[in-house]
Amino acid sequence: MNDLCTRVCALAEAATPQSVADRRHLHAHPELSFEEHETVAYVAGRLDEMGVPHRRVAGTGLIAEVRGGAGPTVALRADMDALPIQEANEVPYRSTREGVMHACGHDVHTASLLGAARVLKQLEGKLNGTIRMLFQPGEEKLPGGATLMIRDGALQDPAPGALFGQHVHPPLPAGTVGFRPGIYMASTDELFLTIYGRGGHGAMPHQAVDPIVITAQVITALQQLVSRESDPTLPVVLTFGKIGSEGGATNVIPNAVRLEGTLRTLDEAWRKELHQRLRRTAEGIAAALGGRAELEIGHGYPFLKNDEPLTHWAQAAARKLLGEDKVVDLPIRMTGEDFAFYTHHVPACFYRLGVGSPSPVHTDTFDVDERCLTTGSALLAWLALERLGA
Ligand code: NI
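Residues numbered from 1 in each chain as written. Predicted model: local features only at pLDDT ≥ 70, side-chain atom pairs only at ≥ 80, totals over all residues. Heavy atoms only, no water.

Asker: How would you explain the overall build of the protein if you had to name every residue and give the values?
Answerer: Scanning the protein from terminus to terminus reveals nine helices and 16 strands. By its C-alpha atoms, the protein is 80 × 45 × 40 Å across when sized along the principal axes. Considering only contacts within the protein whose residues lie at least 6 apart along the sequence, 81% involve residues at least 24 apart. Carbon together with sulfur atoms contributes 53% to the accessible area of the protein, which is approximately 15,700 Å² in total. Both charge centroids of the protein, one from 36 positive and one from 46 negative side chains, sit 3 Å from each other. (Helix = DSSP H or I, 4+ residues; strand = E, 2+ residues; numbered from the N terminus. Contact = heavy atoms within 4.5 Å. Areas by Shrake-Rupley, 256 points an atom, 1.4 Å probe, with all protein chains shown as cover. Lys, Arg positive; Asp, Glu negative; His and termini not counted. Charge placed at Lys NZ, Arg CZ, Asp CG, Glu CD.)

Asker: Now, about the sheet that holds strand β1 (residues 54-57): what can you tell me, with residues and values included?
Answerer: If you trace the eight strands from one edge of the open sheet to the other, you get β1-β2-β4-β3-β5-β16-β6-β15, paired in mixed fashion. The outermost strands of the open sheet, each flanked by one partner alone, are β1 and β15 (327-329). Neighbouring strand axes in the sheet, compared pairwise and without regard to direction, differ in orientation by 25 degrees on average. Note that strand β3 (residues 73-79) and strand β4 (residues 129-136) share seven bridges and pair parallel. The residue bridging Thr73 from the neighbouring strand is Thr130, located in β4. (Pairing = 2+ DSSP bridges. Axes fitted to C-alpha atoms, helices over the stretch in contact; angles between N-to-C directions.)

Asker: Describe the side chain of Glu36, listing the residues and the values that go with them.
Answerer: With respect to the helices and strands, the residue Glu36 is situated in the loop between α1 (3-28) and α2 (37-50). There is no salt bridge for the buried Glu36, and the closest opposite charge comes from Arg56, which lies 8.2 Å off by N-O distance. Polar contacts involving the side chain of Glu36 include one to the main-chain amide nitrogen of Phe34, which spans 3.0 Å. Discounting chain neighbours no more than four positions away, the residues touching Glu36 are Glu31, Thr60, Met80, Asp81, Pro137 and Gly138. (Buried < 20%, exposed > 50% of the residue type's maximum accessible area, 1.4 Å probe, protein only. Salt bridge = Lys/Arg side-chain N within 4 Å of Asp/Glu carboxyl O. Polar contact = N/O pair within 3.5 Å; in protein donor to acceptor, adjacent residues only side chain to side chain.)

Asker: Describe the nonpolar core, naming the residues involved and giving the relevant values.
Answerer: Core analysis: the biggest nonpolar cluster contains 67 residues, and Val8, Leu47, Leu76, Met133, Phe135 and Phe164 have the highest contact counts within it. The element best represented in this core is helix α9 (residues 372-387), accounting for 10 residues. Here Val8 is in contact with Val119, Leu123, Leu321, Ala378, Trp382 and Leu385, once residues within four sequence places are set aside. Core analysis: the next-biggest nonpolar cluster, separate from the first, contains 24 residues, Ile63, Leu134, Ala146 and Val346 among them. (Core = buried A, V, L, I, M, F, W, Y, C linked by side-chain atoms within 4.5 Å.)

Asker: Lay out the side chain of Thr16 in plain terms, naming residues and giving numbers.
Answerer: One can find Thr16 in helix α1. Judged by relative accessible area, which is 13%, Thr16 ranks as buried. For Thr16, the side chain forms a polar contact with the main-chain oxygen of Ala12, separated by 2.8 Å. Within polar-contact distance, the side chain of Thr16 engages the side chain of Thr374 at 2.9 Å.

Asker: Describe the packing of α2 against helix α3 (residues 106-122), listing the residues and the values that go with them.
Answerer: Put simply, α2 and α3 touch, their axes get as near as 10 Å, and they point 10 degrees apart. The angle between α2 and α3 places the two elements in the roughly parallel class. Crossing geometry of α2 relative to α3 is assigned as right-handed. Listed contacts from α3 to Tyr42, Val43, Arg46, Leu47 and Met50 of α2 are Thr110, Leu114, Ala117, Arg118 and Lys121. (Parallel < 35°, antiparallel > 145°, perpendicular 65-115°, else oblique. Left-handed = near helix turned anticlockwise from the far one by under 90°.)

Here's what the structure looks like:
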């Protein structure tokens with residue numbers, strides 16, 4: 001361990017009680033996507049205490065900078081929004097808001113970035129360059145707060161040479177982090193499909209056009225786009241999670257069937273192509289059987305691509321800070337994340353922060369081992385410092 005490494009660890013350790021207090025405050029006062037008014041005010045207050053300049057962007061977002069010397073710019077990002085879930089944990093810092101909960105760990109991300117700011121501010125004299133901190137709203141909701149941050153200049157004047165972001169990972173113990181160079185997470189599109197037929201008496205199907213039987217064939221054909229037309233080395237997921245008819249009964253053929261689903265890919269060109277093929281297949285089959293299909297596609301986040309050289313570099317840097325056995329390799333995930341937008345603009349690396357939770361994210365019993373805050377703060381600060389060659 002070199003001197004700076006030891007110093008960062010010591011400063012992050014010293015900042016931990018405040019990081020825990022920050023995280024607990026944020027956890028007790030969660031706000032939904034694009035409504036992070038109190039959260040961003042809290043972040044601004046802590047930055048003011050540290051003497052770190054900042055400006056408001058993207059509605060309820062904020063950009064802060066720690067500057068030292070004329071060197072390059074490195075960016076660090078945290079998302080701040082909570083989810084519409086009623087917390088079931090009985091802890092002193094449990095959510096004080098009915099039906100709203102930090103169930104995806106964005107309180108940890110925000111508190112960790114504040115912790116990193118505390119560390120970096122104390123090492124300001126060693127910096128040759130700028131560390132830009134992106135406190136982002138609305139990760140959980142379309143169009144994704146990242147798009148608004150980018151619109152409001154998060155990646156300009158100058159463009160950061162590297163961007164790092166982290167996300168809590170329940171299966172990994174606190175103190176551990178995980179990386180995946182290259183393609184890491186999926187694009188996420190929402191599908192709203194309606195199959196129209198013509199209702200009638202269940203005993204006289206020949207006088208009706210049965211949309212349920214058409215739907216059965218459409219679903220099967222659409223799944224063949226995944227199993228027979230997609231390159232098996234680039235995973236694709238198509239899931240219809242909701243299906244229901246308009247009217248209908250044991251003896252009544254309904255007029256229409258509605259389906260809702262998600263499409264996930266790891267390639268932008270194939271994603272666009274699949275949009276066309278989904279539409280063509282659904283419309284063609286429905287028409288051939290005397291019905292009609294209408295497909296609406298809600299465009300979600302693109303796939304997330306970790307810059308390969310940057311991510312290999314970050315993995316090595318993390319090993320230096322945390323130890324060989326504390327850095328693991330992760331597989332591709334078919335979940336989505338709006339950090340993906342940044343990765344299509346600048347070299348970026350999104351890694352996982354171990355939080356040792358028995359409950360997965362997006363559940364009402366999710367909570368973290370708060371020792372993750374020391375690691376989360378130290379690693380963000382360390383990556384930025386190492387990148388600037390401090
Ligand atoms: Ni999340």
